[in-house]
Amino acid sequence: MAQIHALLMVSSESVSMEDIMQQLQISRGNASMNLRSLMDWGIVYKANKPGERKEFFIAEKDLDELATKIAKERSKREIKPALKVLKEVSVIEADGSKAAEHFIQQTQKLYDFVAKADEMIDRVTTYKDNWLGKLMMKILK
């Protein structure tokens, strides 16, 4: 998937699936599955070329937008499920042993840390979606 994304990122024009397969020496199934995943993440798009029947693909070129989309997807797919598990584990009843107490304390600390990091990701990606946030990002640059 990373190879396909990199190829599309450095290409100045949209690239057909056949060209992706040829340049990366991968199968049609591999190319199709990974292109679909990249489109699900919102970082690769189909592009139309007049007079062509083939499907062409192009990557998101705006690095700020790319980082925002990746952060949102990683939060949704990885961080939020991990938070759910950490929350469930951190509220279990201790059996009185030092090991259990330590485990509960550490999972609670980890939950708090990951929750704060996820909140920061949410805030940063939300700021990028509104005009005030965009203005602040321009000022900071």
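Caption draft 1: Here's a closer look at the packing of helix H2 (residues 17-24) against helix H3 (residues 28-40). The N-to-C vectors of H2 and H3 enclose an angle of 115°; their axes lie 10 Å apart at closest approach. For the pair H2 and H3, the sense of crossing is right-handed. In this structure, H2 contributes Met17, Glu18, Ile20 and Met21 to the contact, and H3 contributes Arg28, Ala31, Ser32 and Leu35.

Caption draft 2: Just H3, in detail. The end-to-end C-alpha separation of H3 is 18 Å, in line with the 18 Å expected for 13 residues at 1.5 Å each. Buried positions along H3 lie against helix H1 (2-10), H2, strand S2 (44-47) and strand S3 (56-59). Following H3 by one or two positions, glycine 42 adopts a phi angle in the positive range, close to 80°.

Caption draft 3: Fine view of the environment of arginine 123. Within the fold, arginine 123 resides in helix H5 (residues 98-127). Among the polar contacts made by the side chain of arginine 123, one reaches the side chain of glutamate 119 at a distance of 2.7 Å.

Caption draft 4: Quick look at the pattern of salt bridges. Applying the stated criterion across every chain, the model contains 10 salt bridges. Across the salt bridge formed by lysine 69 and glutamate 60, the nearest N and O atoms sit 3.8 Å from each other. Close ionic contact of arginine 123 with glutamate 119 constitutes a salt bridge, the shortest N to O distance being 2.7 Å. On the criterion of helical spacing, the pair formed by arginine 123 and glutamate 119 is a turn pair, its members being 4 residues apart in helix H5.

Caption draft 5: Up close: the environment of leucine 110. Along the polypeptide, leucine 110 turns up in helix H5. Leucine 110 gets classed as partly exposed once you look at its relative accessible area, which sits at 44%. Separated by 20 residues in sequence, leucine 110 and serine 90 place their C-alpha atoms 9.1 Å apart.

Caption draft 6: View of H2. Residues of H2 that are buried: Met17, Ile20 and Met21. Considered in projection along H2, the buried side chains sweep an arc of 100° and stay on one side of the axis. Seen from the open side of H2, the exposed residues pointing more than 90 degrees away from its buried face are Gln22 and Gln23. On its buried face, H2 sits against H1, strand S1 (15-16), H3 and S3.

Caption draft 7: Highlighting the sheet that holds S3. Strand order in the open sheet made by the 3 strands is S1-S3-S2, with antiparallel pairing throughout. The strands lining the two open edges of the sheet, one partner per strand, are S1 and S2. Pairing between S2 and S3: 4 bridges, direction antiparallel. For tyrosine 45, the partnering residue across the bridge sits in S3 and is isoleucine 58. The strands touched by H1 within the sheet are S1, S2 and S3, with S3 carrying the most contacts at an inclination of about 85°.

Calculation criteria
Residues numbered from 1 in each chain as written. Predicted model: local features only at pLDDT ≥ 70, side-chain atom pairs only at ≥ 80, totals over all residues. Heavy atoms only, no water. Axes fitted to C-alpha atoms, helices over the stretch in contact; angles between N-to-C directions. Helix = DSSP H or I, 4+ residues; strand = E, 2+ residues; numbered from the N terminus. Left-handed = near helix turned anticlockwise from the far one by under 90°. Contact = heavy atoms within 4.5 Å. Expected span 1.5 Å × (residues − 1). Polar contact = N/O pair within 3.5 Å; in protein donor to acceptor, adjacent residues only side chain to side chain. Salt bridge = Lys/Arg side-chain N within 4 Å of Asp/Glu carboxyl O. Buried < 20%, exposed > 50% of the residue type's maximum accessible area, 1.4 Å probe, protein only. Arc of directions from axis to C-beta. Pairing = 2+ DSSP bridges.

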